[in-house]
2 protein chains.
Amino acid sequence: MTSDNFNLSEFLPYKLSVLSSRTTKMLSKVYGEKYGLSTPEWRVLVHVARREKMSVREIHDSVYLEKPAVSRAVAKLEKAGLLRKTTCDKDHRLVEIELTEGGLYVFNGIVPEALSFEAAILSAFSPEERDQLHDLMERLHDVLDRLPDATRRPQMDNDTSGKSSTEAH
Amino acid sequence: MTSDNFNLSEFLPYKLSVLSSRTTKMLSKVYGEKYGLSTPEWRVLVHVARREKMSVREIHDSVYLEKPAVSRAVAKLEKAGLLRKTTCDKDHRLVEIELTEGGLYVFNGIVPEALSFEAAILSAFSPEERDQLHDLMERLHDVLDRLPDATRRPQMDNDTSGKSSTEAH
DNA sequence: AGAAAATCGTTTCACTTGCAACGAATATCA
DNA sequence: TGATATTCGTTGCAAGTGAAACGATTTTCT
């Protein structure tokens, strides 16, 4: 029998899922307990904070969230006063989403904690190991991209500030 | 301003989540489309296949699934005829779960495909890099374990066959 | 211009999840 | 032994999710 000794706990997709779930769950305490944000809301908030105005579709394209998830997150964040939503003048199908002052305030409150959480996690690694991790994950994505029924991978958006993406590491 | 240039797409918890989601989603086609199993059902099935009889609690302890998720997955798998559920003689609170012949058949059909999916993913890596990946993920878990509000991490169960866990490779 | 197709954001619906509470069974301990 | 506490598996419920459908708007093409 060939599959007799299949061990779930050594199966890469399962291991990735467990690690990801634990990480997300522990991070969610940062934006959840203190600010009452869900994970989609947290993602939308920090993404919107990077640009002037953006539409639901732009968020959907760059963040790993389904369109309905973006729409609902935006609705909740608007109700909470963290962002403002107006219909675009030039194209009435589009909405223009931007942070309010309150949204910026929350953003500035959460991000340092999120970064310190990430720093705590990465503290176990040397700079070389962090590069390794990044590299391995990137190559994992590349393999997934080439598989038959490849799932959508959100586009990394062009950085408006900071180092250019063409710059060597 | 310190958090001006926070970039979600370079944030480790987010990156882990995206990679894990993509992997799980693509793997789920293996057990989903052809066998109609959900992810919890797939996990329960392959875990139960490793031992004689086990309880819901034992599954919950070793697999990253909430107790209700295990209970529901077991119920569905039983209804599908893939496993058998009987109340324990010695302790009537417990149930004894074991694979049926049909369950073993499905198991033997799925596992090779799952393993070949994993192999396809890992094909991009050298043996050393696979060890690196494993090592980095393990150390990530260790860090999470030591953090204040550490989330539960399922126990890796003792292997009944194959190499012992104390063996240095 | 006018019909048809495409796009955008929202909503609907069925399904899944996570958490707490529950009844049943056993263990603990006076 | 009898009262209390604990454990086990299930269920209820509120919230979240994904896929398809929808109305509104714009684009495309004749």
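Preceding this paragraph is the structure being described.
These figures come from a predicted structure and were not determined experimentally.

Basis of the calculations
Residues numbered from 1 in each chain as written. Chains lettered and ligands numbered in written order. Predicted model: local features only at pLDDT ≥ 70, side-chain atom pairs only at ≥ 80, totals over all residues. Heavy atoms only, no water. Helix = DSSP H or I, 4+ residues; strand = E, 2+ residues; numbered from the N terminus. Buried < 20%, exposed > 50% of the residue type's maximum accessible area, 1.4 Å probe, protein only. Areas by Shrake-Rupley, 256 points an atom, 1.4 Å probe, with all protein chains shown as cover. Contact = heavy atoms within 4.5 Å. Core = buried A, V, L, I, M, F, W, Y, C linked by side-chain atoms within 4.5 Å. Expected span 1.5 Å × (residues − 1). Arc of directions from axis to C-beta.

A. Layout of the overall build of chain A. Across its full length, chain A carries six helices and two strands. Written out in order from the N terminus, the α and β elements of chain A read α-α-α-α-β-β-α-α. A burial count over chain A gives 44% of its 169 residues as buried. Total accessible area computed for chain A in this model is approximately 9200 Å², and 50% of it derives from carbon and sulfur atoms.

B. How the structure looks around the side chain of E129(A). Along the chain, E129(A) turns up in helix α6 (residues 127-146). Ignoring any residue separated from it by four or fewer positions in sequence, one finds E129(A) in contact with A124(A), L136(B) and R139(B).

C. Just the nonpolar core, in detail. Membership of the largest hydrophobic core comes to 97 residues, with the highest contact counts inside it found for W42(A), V44(A), I59(A), W42(B), V44(B), L45(B) and I59(B). Once you skip the residues sitting within four places of it in the chain, W42(B) turns out to touch F6(A), L8(A), F11(A), L27(B), Y31(B), L37(B), I110(B) and A114(B).

D. Quick peek at helix α6 (residues 127-146) of chain B. An ideal rise of 1.5 Å per residue puts 28 Å on 20 residues; α6(B) measures up with 29 Å between its terminal C-alpha atoms. Of the positions making up α6(B), those classed as buried are E129(B), L133(B), L136(B), M137(B), L140(B), H141(B), V143(B) and L144(B). All buried residues of α6(B) lie within an arc of 160° about the axis, which places them on one face of the element. Turned more than 90 degrees off the buried face of α6(B), the exposed positions are P127(B), E128(B) and R146(B). Structurally, α6(B) contributes buried residues whose contacts are with α1 (12-32), α5 (101-122) and α6 of chain A together with α1 (12-32) of chain B.

Shape is all these values report; function is a separate question.
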